[in-house]
Amino acid sequence: MGYKFAGAAAAAAILMSTSLAAATDDAVGGVVTDTIEHELTTAIHVWAPDAAGDYPIAFALHGTGVDFGRDWDVIGSALAREGIVTFAPDYHASDWKTGDLERVTREAECGYRYARQVADRYGGNLDEPVIFMGHSIGGTYALTGGLGIDRFGPSGDFDECFEGVPRPELIVPISGCHVQAAGMTFDPRPAVYGSGDATVLFVGAEHDNVCPAWQSVEASEAFSEAGLDATSLVIPDATHMSLLGHEVVDDEWVTLVDDPAASAVVDAITEAVDRLR
């Protein structure tokens, strides 16, 4: 959702390794999965290509509902098959309910720093584009972490873990509530999140009844007007959860195998990475 991350004035409500559709000619093949943890981080799920290489890395933040990074299993596996190492932490995305965002700030940023630190174990190369992406409220956290150079960058004042590191080249908020939610309104301009610079790809779902796609479009326009390289993509026939390759059916979390919505998200991310190279 479109909530404000660390230091913002307000926060609002909402948020089996499997393959997607047939791999492209450039795909690397199989996937290695892992779960890692440092004393300064929560558990972080990893999906990586099973072939040696120099790959971009992605750091992915889930939304609310369940606080598990494995929500990214479909997207993470698919990105790994396309040659992108994906890290997704377990973190307390739902802390917005208390208004205390220090823990979620720490878990997200420390996870991002640690992922960069260990990326080479999985073939990740930090000279390749680095991606910070998030779903629902995770997209807002990704914007704040991704653009928050003054607080989180190499010269920033956030000192709770490791050293400050560069911000990502690409930020991908997926199904975010960037303008309004639960009777609250938000300022979609990039200055709300930080003073950093990155390419931003806002992804929305045509049938999203949680964070309607027009909010992704409007946020993209606000970012572009502020001088950032921002675009929006609305996935046809998709819902809030199907963009991750999941859906809730009879209150059960269901994995959608070979889902076109999730495939479209993966294609959009890989194409954005290729443009940054």
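Residues numbered from 1 in each chain as written. Predicted model: local features only at pLDDT ≥ 70, side-chain atom pairs only at ≥ 80, totals over all residues. Heavy atoms only, no water.

A. Spatial organisation of the confidence of the model for the protein. Averaged over all residues, the pLDDT of the protein equals 88, while 88% of them reach at least 70. Between residues 1–26, whose pLDDT stays under 50, and residues either more than four places distant or in other chains, the model counts 100 contacts. (pLDDT = per-residue confidence, 0-100. Contact = heavy atoms within 4.5 Å.)

B. Seen up close, the state of the cysteines. Scanning the entire structure with this criterion turns up two disulfides. Disulfide pairing is shown between C110 and C161; the S-S distance is 1.9 Å. Since a negative S-S torsion denotes a left-handed disulfide, the C110-C161 link at about -105 degrees is left-handed. Of this pair, C110 sits in helix α2 (residues 102–118) while C161 is found in the loop between α4 (149–152) and β6 (170–174), placing the two residues 51 residues apart along the sequence. Like C161, C110 is buried. The side chain of C177 participates in a disulfide bridge whose partner is C211; the two sulfur atoms lie 2.0 Å from each other. Across the S-S bond linking C177 and C211, the dihedral sits near -100 degrees, which makes this disulfide left-handed. With C177 in the loop between β6 and β7 (180–181) and C211 in the loop between β9 (199–205) and α5 (213–225), this residue pair connects regions lying 34 residues apart in the sequence. (Disulfide = S-S within 2.5 Å. Helix = DSSP H or I, 4+ residues; strand = E, 2+ residues; numbered from the N terminus. Buried < 20%, exposed > 50% of the residue type's maximum accessible area, 1.4 Å probe, protein only.)

C. Examining the sheet that holds strand β10 (residues 230–235) more closely. The sheet built from eight strands is open, its strands ordered β1-β2-β4-β3-β5-β6-β9-β10 with mixed pairing. A strand with exactly one partner marks an edge of an open sheet, and here the two such strands are β1 (31–36) and β10. Geometrically, the sheet is characterised by an average inter-axis angle of 20 degrees between neighbouring strands, direction not taken into account. Summarising the sheet, strand β2 (residues 44–49) and strand β4 (residues 85–89) pair through four bridges and their orientation is antiparallel. Looking at the pairing, I44 lines up with P89 of β4. With respect to the sheet, helix α3 (residues 137–147) is in contact with β3 (57–61), β5 (130–135), β6 and β9, its orientation differing from that of β5 by roughly 150 degrees. Along the sheet face, helix α6 (residues 260–276) touches β5, β6, β9 and β10 and points at about 165 degrees away from the line of β6. (Pairing = 2+ DSSP bridges. Axes fitted to C-alpha atoms, helices over the stretch in contact; angles between N-to-C directions.)

D. Region of the structure containing the packing of helix α1 (residues 73–81) against α6. For the pair α1 and α6, the least separation of the axes is 10 Å and the interaxial angle reads 45 degrees. On the basis of their axis angle, the class for α1 and α6 is oblique. Relative to α6, α1 is oriented so that their crossing is right-handed. When α1 is examined against α6, the residues V74, I75, A78 and L79 are found in contact with a partner set consisting of A262, V265, V266, I269 and T270. (Parallel < 35°, antiparallel > 145°, perpendicular 65-115°, else oblique. Left-handed = near helix turned anticlockwise from the far one by under 90°.)

E. Looking closely at the environment of V179. Take V179: it is sitting in the loop between β6 and β7. Assessed through its relative accessible area of 11%, V179 is described here as buried. Placed 33 residues apart in sequence, V179 and P212 show a C-alpha to C-alpha distance of 9.8 Å. Those residues in contact with V179 that lie beyond four places of it in its chain are M184, T185, F186, P188, W214, Q215 and E218.

F. Spotlight on the nonpolar core. Among the nonpolar cores identified, the biggest contains 38 residues, and I36, V85, F87, Y122, Y141, V200 and F223 are the most heavily contacted of them. For this core, the secondary-structure elements that each account for two or more residues are β2, β3, β4, α2, β5, α3, β9 and α5. Excluding residues that lie within four positions of it along the chain, V85 makes contacts with V46, W47, A48, P49, Y55, P56, I57, A58, Y122, G123 and G124. Counting residues in hydrophobic clusters, the runner-up holds 32 residues, among them W47, I84, I174 and V266. (Core = buried A, V, L, I, M, F, W, Y, C linked by side-chain atoms within 4.5 Å.)

G. Seen up close, α5. In a regular helix each residue adds 1.5 Å, so 13 residues correspond to 18 Å; α5 covers 19 Å between its end C-alpha atoms and thus fits that length. Along α5, the positions that sit buried rather than exposed are A213, Q215, S216, A219, S220, A222 and F223. Where α5 is buried, its residues contact α3, β7, β9 and β10. Looking one or two residues beyond α5, the residue adopting positive phi is G227, at roughly 100 degrees. (Expected span 1.5 Å × (residues − 1).)

H. Region of the structure containing the pairing of strand β12 (residues 252–255). Pairing of strand β11 (residues 246–249) with β12, which is carried by four bridges, proceeds in the antiparallel orientation. Of the residues in β12, the one forming a bridge with E247 is V254. Count of turn residues in the β11/β12 antiparallel hairpin: two residues, of which D250 carries a positive phi of about 50 degrees.

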